[in-house]
Amino acid sequence: MKTYTIASYQSPLGGPVEIIKQTFTAVKDKPVKRIAFVSGLHGDELEGVFICHRLTEYLRQLKETHSQAFLGEVNVYPAVNPQALGAASRLWPFFSVDMNRQMGNGNGASLAAGFSNALLDDLKSSSDIVVDFHASNLHLKELPQIRIIEEFGKKLIPLASLCNTDLIWVHPTAPVFEATLGYNLNRAKIPTLVVETGICLRIHPDFCDQVFKGMLNLLHNTGILNLPDPPEVKPPLLVNPRQVALIQAEHSGLFVSSIPLGSWVKKGEKLGDIVDAVNGTVMETIVSTADGLLFTLREQPVIYQGAPLARIALKETTQP
Amino acid sequence: MKETILSIPSPLGPTVTLCKNSWQASATPDVTLSIVSGMHGDQLNGLYLNSRLTRFLNDVAEGRETDFKLKGKIQVFPVVNLHAVQSGTRLWSFDDLDLDLAFPGNEKGEVAEQIAQCILTHTADSTHGVILGTGDHLYEDAPHAKMLHADRTTRKMAQSLGLDIVRELAESSTAKLNLLHHWGESSISSLMVSVGKPQTLDRTLCDSLFDGLVNLMVHTEALSTSANKNDKTDVHFFRANGNYCVLSTQAGLFTSEVKAGSFLKEGDKLGELRDIYSGNTLEEYVAPQDGYLVTLRHHPVLYEKEPVAILLTEKKSGFWPF
Ligand SMILES: [Zn+2]
């Protein structure tokens with residue numbers, strides 16, 4: 001394993017702040033493919049950081065015991081927004097900016113834009129495939145899934161199907177994606193999978209293990225690693241927006257769920273209540289609007305009218 | 001007239017309401033001017049300016065400002081990011097969302113999306129729009145107007161503000177999420193006016209801009225006046241490629257020696273950077289060429305590779321005929 005610093009800046013209090021890249025080179029001079037794993041763009045999303053830890057630990061051992069397994073090159077960027085990770089905050093502290101809204105052109109000469117685009121440029125120059133790990137925000141918990149913008153579907157769905165997630169969600173594009181890492185890499189014709197799993201500020205070892213196995217399977221099936229015993233993975237559900245039912249709050253209050261994430265639910269089945277804690281009343285009972293897989297569930301109870309509470313992948317979805 | 005345009009019940013606290021004030025001369029005005037402030041919770045100059053404008057427009061409507069009459073429609077949205085203003089922070093910690101990256105919004109979405117959609121709906125039939133803001137977080141701006149579409153009407157509108165500096169903004173990968181962009185898409189002649197720094201109310205700066213905003217109301221024919229119009233002629237317009245950014249090459253404590261809005265000559269000292277622990281000077285910053293100092297770092301703690309100042313240079317500004 002070789003360690004590189006791909007971008008850095010000096011802090012006013014001393015030492016440099018750096019983006020580290022761990023490189024596992026191929027046995028031959030010319031790797032069959034180069035893959036990059038990225039985590040920590042949002043500093044409170046730790047599930048991906050843990051997945052990168054699992055990958056680095058595994059790859060280090062594999063390099064020692066079976067170095068000939070490395071037909072391609074693997075680069076791991078475990079902590080790309082170091083100060084946000086240090087503060088466990090989504091935004092880059094001090095500047096209060098979202099690093100995943102700084103990618104691409106025209107975002108000014110700020111340090112955040114410069115540093116973000118240094119990461120983007122390094123990935124562009126040294127990757128054939130990228131996996132960008134995210135957890136959900138503070139509010140929602142997600143089953144392991146890969147989200148794909150429609151226009152990139154043809155290239156990405158076959159790769160995403162290898163990753164052992166519960167779901168692949170193909171959705172239309174929106175302006176909000178244009179400043180993200182995934183969108184900019186895909187536009188640059190570097191297939192990039194955006195993995196979303198769990199919730200921020202927590203680590204779900206079971207979800208992480210599931211995605212870790214998926215990444216080994218991806219490495220094996222893309223020919224980057226030649227594993228003697230690749231893990232068994234399950235095929236994901238493939239859904240488009242018409243196959244996802246979103247359930248939103250009609251009242252502001254406290255949402256208390258009554259069913260675990262990942263349940264197969266029936267239409268009309270109770271998912272939870274919205275309560276008025278001041279008056280001690282139930283304002284709204286939330287029920288499923290369809291049969292299917294509960295793949296998103298509200299975790300943070302304080303909700304305003306309109307807040308998303310659950311997403312259900314409809315039962316009649318297809319497999320890729 | 002104050003009107004509630006969106007009510008957001010709180011899970012445990014009081015309902016928060018989005019309001020607008022509006023005044024109009026007739027039921028079918030030819031001109032509608034919308035003025036928005038409080039997009040971020042730390043931009044206080046805009047809140048103050050809109051409150052002064054509201055008082056003034058009430059006086060006009062009730063005949064106490066005898067030099068002015070309503071001709072079209074004017075609507076003022078003093079606070080957009082309600083929760084951030086209430087918490088005294090740039091963003092609302094509940095969603096950490098930059099409200100000016102939430103447009104066009106969604107009527108059925110989360111709070112920020114509902115607010116964005118509501119503002120866009122209520123300004124959709126405007127002919128002119130102004131967003132009042134300040135310099136970015138950590139920066140002070142000289143009072144100036146910014147525009148995405150530098151067409152003749154918008155340039156004339158900017159000129160009517162009487163400010164020294166007007167500039168064109170570059171398109172960016174996030175621009176499509178901004179209110180200014182959506183107004184532009186709806187053919188609304190629109191400007192963002194930036195004045196001062198966040199978390200600070202500078203009444204002197206605001207008072208100097210107040211007359212300019214009244215003049216803009218007259219220029220756009222939202223107001224009529226019996227007094228003489230006085231459009232400023234010596235306005236400096238800068239194209240989007242006329243920015244020159246001075247970056248730090250070390251980190252430390254920055255102290256400035258100039259004021260935002262100054263015209264600097266090449267070689268003029270902007271300030272210096274000192275080491276926090278030793279107090280030693282690490283580097284000095286000078287103007288790399290002649291230009292207007294439009295943006296200056298006001299927060300002293302500075303990382304490496306950060307902008308210290310932005311100069312607008314006339315060399316690249318091109319010719320902007322009226
Ligand atoms: Zn994220």
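Remember, predicted model here, so these are calculated numbers, not experimental data. (Residues numbered from 1 in each chain as written. Chains lettered and ligands numbered in written order. Predicted model: local features only at pLDDT ≥ 70, side-chain atom pairs only at ≥ 80, totals over all residues. Heavy atoms only, no water.)

Can you explain the sheet that holds strand 18 (residues 301-302) of chain B? Please cite residues and give values.
Sheet strands pair via backbone hydrogen bonds, and the direction of the pair is either parallel or antiparallel. Strands sit in the order 16-15-13-18 (chain B) across an open sheet of 4 strands; the sheet is antiparallel. Among the strands making up the open sheet, the edge pair consists of strand 16 (281-286) and strand 18 of chain B. (Pairing = 2+ DSSP bridges. Helix = DSSP H or I, 4+ residues; strand = E, 2+ residues; numbered from the N terminus.)

For the domain arrangement of chain A, give the residues involved together with the corresponding values.
All names here are of chain A. Each assigned domain of chain A is listed with its residue range as follows: domain 1 (2-238) and domain 2 (242-314). Put simply, the middle of domain 1 and the middle of domain 2, counted by C-alpha atoms, are 30 Å apart. At the interface, 14 residues of domain 1 touch 16 residues of domain 2. Across the domain 1 to domain 2 interface the summed buried area is about 1200 Å²; carbon plus sulfur atoms make up 69%. At the junction of domain 1 and domain 2, the tally comes to 1 salt bridge. The shortest N-O distance in the salt bridge between Glu142 and Arg311 comes to 3.0 Å. On the surface where domain 1 and domain 2 come into contact, there are 6 residue pairs in polar contact (both at pLDDT 80 or more). Residue assignment for the side of domain 1 that touches domain 2 shows that the elements contributing at least two residues are strand 6 (140-149), strand 7 (167-171) and strand 9 (237-239). Of all the elements, strand 6 adds the most residues to the side of domain 1 that touches domain 2, at 6 residues. (Domains from an automatic or database assignment. Contact = heavy atoms within 4.5 Å. Buried area = accessible area lost by both parts, 1.4 Å probe. Salt bridge = Lys/Arg side-chain N within 4 Å of Asp/Glu carboxyl O. Polar contact = N/O pair within 3.5 Å; in protein donor to acceptor, adjacent residues only side chain to side chain.)

I'd like to hear about the pattern of salt bridges, residue by residue, with values.
All names here are of chain B. A full pass over the atoms with the stated rule returns 25 salt bridges over all chains. Residues Glu284 and Lys269 are paired through a salt bridge, measuring 3.5 Å at the closest nitrogen-oxygen approach. Residue Glu284 is located in strand 16, and its partner Lys269 is located in strand 15 (residues 269-274); the two are separated by 15 residues in the primary sequence. According to the relative accessible area criterion, Lys269 is partly exposed, its value standing at 26%. Salt bridges sharing common partners tie together Glu257, Lys269, Glu272, Arg274 and Glu284. (Buried < 20%, exposed > 50% of the residue type's maximum accessible area, 1.4 Å probe, protein only.)

An account of the coordination of the zinc ion is needed here, citing residue identities and associated values.
Residue and element names in this part refer to chain A. The protein atoms that coordinate the zinc ion are His42 (ND1), Glu45 (OE), Glu45 (OE) and His134 (ND1), at distances spanning 2.0 to 2.4 Å. Ordering the donors of the zinc ion by residue number gives the pattern H-x2-E-x88-H. You can see His42 sitting in the loop between strand 3 (34-39) and helix 1 (47-65) and its partner His134 sitting in strand 5 (residues 129-134), a full 92 residues away along the chain. For the pair His42 and His134, one class covers both residues: buried. (Donors = N, O, S within 2.8 Å, 3.2 Å for Na, K, Ca; no water.)

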